[in-house]
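# A look at the structure
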Amino acid sequence: LPVEHSMVGLGGGTDQAIVKDNVMRFTSGKTAVAALREVAATGQDEAEAAHTEEKLQVAQPAILNHGGARTMSLLLVEGNVIQGWTGDAIQLSAIQRTDDPIRLIVRGNSIEGAIRLTGMPQAYRGLLTNNINLQTLEPVHAVIVPQEPVEK
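Summary of the structure given here. (Residues numbered from 1 in each chain as written. Predicted model: local features only at pLDDT ≥ 70, side-chain atom pairs only at ≥ 80, totals over all residues. Heavy atoms only, no water.)

### Notes on unusual backbone geometry
You will see that Asn-130, though not glycine, has its phi angle at about 55°, which is positive. By secondary structure assignment, the location of Asn-130 is in the loop between strand S11 (124-129) and strand S12 (132-133). With relative accessibility at 65%, the residue Asn-130 sits in the exposed group. The phi angle at Leu-137 is positive, at roughly 60°, despite the residue not being glycine. Residue position: Leu-137 is located in the loop between S12 and strand S13 (143-145). (Helix = DSSP H or I, 4+ residues; strand = E, 2+ residues; numbered from the N terminus. Buried < 20%, exposed > 50% of the residue type's maximum accessible area, 1.4 Å probe, protein only.)

Following this line, the structure appears as structure tokens:
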């Protein structure tokens, strides 16, 4: 794929999620490309090529929660290797819950890219430690963007 894409996307309704000990590598479309295939009129013989409007236009982080923090009580992201992302490698959203804050644990990951957390401090309890940049071997600290929940 030519654009950075999500490997793990957690949607609304997810209560708890654990993303642990994975290797996620984005090669920026540098791998060998297969020859074009003929598509039969019935569509039964080969997979159809993606239409332009279906192609990913904007880079996405390797791991993100799609506003799932509205119902999510725990998200653990630990021990992952994330290579090839130039923007956000991990992007998390903490939306104010009605009962208690989401618990976000992001630790021990080796990444290329940033860790971004969006939400108000009262919407989450976070432990974001021991994450390192694969290129520099320096600690990666989360970029925290305080943002009020959008009312619908």
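So, next bit.
### Overview of the sheet that holds strand S1 (residues 8-10)
An order of S1-S4-S7-S10-S13 is seen for the 5 strands of this open sheet, with the pairing classed as parallel. Of all the strands in the sheet, the pair left with one neighbour each is S1 and S13. Strand after strand, the sheet turns through a mean of 15° between neighbouring axes, direction not considered. In this structure, S1 lies alongside strand S4 (residues 63-65), joined through 3 bridges in parallel fashion. (Pairing = 2+ DSSP bridges. Axes fitted to C-alpha atoms, helices over the stretch in contact; angles between N-to-C directions.)

These results come straight from atomic positions and should not be treated as a statement about function.
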